Amino acid sequence: MSGYRAVFFDFDYTLGDATDCIVLGFETAFAQMGLPRPGREAVRETIGMTLENAFTHLTGENAPARQALFRRLYVAVANPIQVEGTRLFPGTVELLEWLRARGILAAIVSTKRRAVIEAVLARQGIADLVAFCVGGGDVAHYKPSPDAALLALEKAGCAPSEALFAGDTVIDAETARRAGIDFAAVLNGTTPAEAFAPWPTVCIAPNLDALGAFLAGRHPFT
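Residues numbered from 1 in each chain as written. Predicted model: local features only at pLDDT ≥ 70, side-chain atom pairs only at ≥ 80, totals over all residues. Heavy atoms only, no water.

Regarding the packing of helix H4 (residues 64-85) against helix H6 (residues 114-124)
Packing of H4 against H6 leaves a shortest axis separation of 8 Å and a crossing angle of 25°. In terms of orientation, H4 lies roughly parallel with respect to H6. The handedness of the crossing between H4 and H6 is right-handed. Contacts from Asn79, Gln82, Val83 and Glu84 of H4 reach H6 at Val116, Ala119, Val120 and Arg123. Looking at the contact of H4 with H6 residue by residue, the classes come out as four nonpolar, two polar and two charged. (Axes fitted to C-alpha atoms, helices over the stretch in contact; angles between N-to-C directions. Helix = DSSP H or I, 4+ residues; strand = E, 2+ residues; numbered from the N terminus. Parallel < 35°, antiparallel > 145°, perpendicular 65-115°, else oblique. Left-handed = near helix turned anticlockwise from the far one by under 90°. Contact = heavy atoms within 4.5 Å. Nonpolar A, V, L, I, M, F, W, Y, C, P; charged D, E, K, R; others polar.)

What follows is the structure in structure tokens.
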């Protein structure tokens, strides 16, 4: 069994947890728009969607002007505090260090804006462990479109068969499928293991330590 040359990670609920910041952003924006306060768990279940789709999912409103207003109000509150308020899941640093030690490129492919992710990585002192980030503003179409994953393949200089996509949602699973990349589910978020049944997966990892163990099995001699 051959190893991977690159591993692409989703960010929210795969490597990092910014729940408190995200929920505050939703609550503040909804209040300013005259909408009922959304429940914390309801907001958590939208993490991984675009802000526009999350807004529509929670409110039923799909007018572009209202979606755009929500994005502006949310970003004004949530983005500045995410840099300090995001925590990394246990095993994140160790896994990224393990990949670097073996010459396996690690990158982030997320719907979150690249500048926010890069600022979080810098504050956590792990920017040097990630080769690059592809964020929501870097491609024309958001996940589950394969655009971001295909751009990551191009930047990494590897074929789809040489990469693994690790993420916590079925949106990530569908992104990997469309890009022709192996997919590993990481159960750090709100999506249960059984939800991934319709998608091809090489691993369903309850946490990042388990993902690391899977990767170690793929790279036993490195």
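Brief notes about the environment of phenylalanine 165
With respect to the helices, strands and loops of the structure, phenylalanine 165 is situated in strand S6 (residues 163-167). For the pair phenylalanine 165 and alanine 184, spaced 19 residues apart in sequence, the C-alpha to C-alpha distance is 6.2 Å. Apart from the residues lying within four places of it in its own chain, the contact partners of phenylalanine 165 are Phe8, Asp10, Val109, Lys143, Ala149, Asp172, Thr175, Ala176, Ile181, Asp182, Phe183 and Ala184.

Observations regarding the environment of phenylalanine 196
Looking at where phenylalanine 196 falls in the secondary structure, it is placed in the loop between strand S7 (182-186) and strand S8 (203-205). With residues near it in sequence (within four places) discarded, phenylalanine 196 still touches Asp168, Thr169, Val170, Ala173, Phe183, Ala185, Leu187, Thr191, Thr201 and Ile204.

Overview of the packing of aromatic side chains
Overall, the coordinates contain ten aromatic pairs when judged by the stated rule. With a centroid separation of 6.5 Å and an interplanar angle of 55°, the aromatic rings of tyrosine 13 and phenylalanine 89 are classed as tilted. Pair noted here: tyrosine 13 is in the loop between strand S1 (6-9) and strand S2 (16-17) and phenylalanine 89 is in the loop between strand S3 (87-88) and helix H5 (92-101), with a separation of 76 residues, a long-range link. When sorted by exposure, tyrosine 13 lands in the same class as phenylalanine 89, which is buried. For the cation-ring pair, lysine 155 lies above phenylalanine 132, with the distance from its terminal atom to the ring centre recorded as 5.2 Å. (Phe/Tyr/Trp six-rings, centres within 6.5 Å; stacked < 30°, edge-to-face > 60°. Buried < 20%, exposed > 50% of the residue type's maximum accessible area, 1.4 Å probe, protein only. Lys NZ or Arg CZ within 6 Å of the ring centre and 35° of its normal.)

Here we look at the nonpolar core
With 49 residues, the main nonpolar core has Phe9, Phe26, Phe70, Leu99, Leu211 and Leu215 as its most contacted residues. Counting residues per element, this core draws most heavily on helix H1 (residues 19-32), at five residues. Ignoring anything within four residues of it in the chain, the contact list for phenylalanine 26 reads Pro38, Val43, Thr46, Leu51, Ala54, Leu58, Phe70 and Tyr74. Counting 22 residues, the second-largest nonpolar core is a separate cluster that includes Ala149, Leu153, Ala156 and Ala176. (Core = buried A, V, L, I, M, F, W, Y, C linked by side-chain atoms within 4.5 Å.)

A few points about the sheet that holds S7
If you walk across this open sheet you meet the six strands as S5-S4-S1-S6-S7-S8, and the pairing is parallel. Here the strands that pair on one side only, and so sit at the sheet edges, are strand S5 (132-134) and S8. Averaged over neighbouring strand pairs, the angle between their axes works out to 25° when direction is ignored. Note: S1 against S6, four bridges, orientation parallel. (Pairing = 2+ DSSP bridges.)

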